[in-house]
Structure formats: C-alpha cells, structure tokens
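# Summary of structural features
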Amino acid sequence: MPASEVDPDLTILRGDPREDADHYRTIFDTAVEAIVVINEAGEIRTFNPAAERLFGYYGAEMLGRDLRDLMTPPYRDARQRGPDEDRAAGVRRILGSGHAVAGQRKDGQAFTLELSMAEWWRDGERYFTGVMRDVTEDVRARDVQRLMVNELNHRVKNTLATVQAIVLQTLRNADST
C-alpha cells in the first residue's frame, strides 16, 4: 500500500509531544540493531544501547566523536578531519542499505559491519542515521560456502575427466579388437 494511503495516525504519533518523544526514545533504546545519529560534521549525536553492546563504548563516551572512530584505520584515516562538506559528501555516497564496512570495537577488534544510512533534516540542520549490525559470521559462512562450492566443482570436474578418460580408453580398446 502506498504511503499516501496509510492512515497518518498509524505512522506518525500526533499526541502530546512529550509522549511522542518517549515513544520514539523507547524504540531507539530497545532496538536490536545499533543506531547512531551523526550531524553533518560527522560528530556522533546519539548512540543507542545496541551500539554500546556492538562497539563496547558507552554512549556518553561517543557523543561528539567522529563516526569514523568506530571504523578501522583505512576508513578512519581517509580524508582525516577534512572539511565538513567533504565529510557529508562521503556519508552521502553510502546512503541506502547494506554497505559492508570494517568496524572496530573499543578493544581494537575489527569486524565486518553492515551499515545502512539515511539522511534527514531538522531545524535547517542535516543529520544522518546509521543502522548497523555485525555480519562477520554471515561473511564467514558465505566464504565457507564459496570454498565448498569451488571444492565440489573441482571434484566433479576431476571425476568427469576420469570418466571421460575411461570411456576413451574403452573405445580405443574396442576399436583395436
């Protein structure tokens, strides 16, 4: 159903602004996926509890820090502390869902992170919301699956080559008799 046909009361709370804020805060705080909001300069403005669990930092530690502090050095060092517009342009390039990024936990452990970014505006200021999850095990499983398929492909080709050689030898033997 197109958004224009959805009852607005189902999609947007229109009650007391404090109750609406509490409602959205509860969703933010209880989300399973890590959610990080940054401003146009790349500074972290909000960091939900799932992000705390994923990265090992308390939200208060991350407020005001650069989003790239959550990534491995190649990402972190790229255009290090460049102008705000360069930073915003970099974020805009990854808008959308499913971008693989190398994340880094507080203890230094690197992991594969799936990052989905959305852009929004409030009071004339641009913000970006990142939803993240650890996909390290998914990547490992795909790698193992790829390895197994390649091994199976190799074994099948070898088996077929052996069968072909036996058939050719049998035909040669039959022709010589």
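It should be emphasised that the depicted structure is a prediction, and the values quoted were computed from it without experimental measurement.

Within the structure shown, the criterion is met by ten salt bridges. A salt bridge links Arg 133 to Glu 114; the nearest nitrogen and oxygen atoms lie 3.1 Å apart. With Arg 133 in strand 5 (residues 125-134) and Glu 114 in strand 4 (residues 110-122), this pair connects stretches of sequence that are 19 residues apart. When its relative accessible area of 32% is taken as the criterion, Arg 133 is described as partly exposed.

In terms of strand pairing, strand 1 (residues 34-39) meets strand 5 through six bridges, oriented antiparallel. Counted as the bridge partner of Ile 38 is Phe 128 from strand 5. Connecting the antiparallel pair strand 4 and strand 5 is a turn made up of two residues, with Asp 123 showing a positive phi of about 50 degrees.

If you trace the backbone, Asn 48 turns up in the loop between strand 2 (44-47) and helix 3 (49-55). Polar contacts involving the side chain of Asn 48 include one to the main-chain carbonyl oxygen of Glu 33, which spans 3.2 Å. Side-chain polar atoms of Asn 48 contact the backbone nitrogen of Ala 51, separated by 2.9 Å. When sequence neighbours within four positions are dropped, the list of residues in contact with Asn 48 reads Phe 28, Ala 31, Glu 33, Ala 34 and Ile 35.

Rules and cut-offs
- Here, residues in each chain are numbered from 1, in the same order as that chain's written sequence.
- Only residues with pLDDT of at least 70 get local features here, since the model is predicted, and only at 80 or more are side-chain atom pairs given and counted; chain-wide, interface and lining totals rely on the full set of residues.
- In computing side-chain properties, one takes all heavy atoms of the structure into account and sets aside hydrogens as well as water.
- Basic side-chain nitrogens of Lys or Arg form a salt bridge, by our definition, when they fall within 4 Å of a carboxyl oxygen of Asp or Glu.
- Strands are runs of DSSP state E lasting at least 2 residues, helices are runs of H or I lasting at least 4, and numbering of each runs from the N terminus.
- Each residue is assigned to one of three classes by its accessible area relative to the maximum for its type, calculated with a 1.4 Å probe on protein chains only: buried under 20%, partly exposed between the two thresholds, exposed over 50%.
- Here, a strand pair is defined by DSSP locating no fewer than two bridges between the strands.
- N or O atoms within 3.5 Å of each other form a polar contact, as long as, within protein, one can give a hydrogen and the other can take it, and as long as residues adjacent in sequence are counted only when both atoms are side-chain atoms.
- Two residues form a contact once any of their heavy atoms are found within 4.5 Å.

Don't take any of this as a statement about function, it's just geometry.
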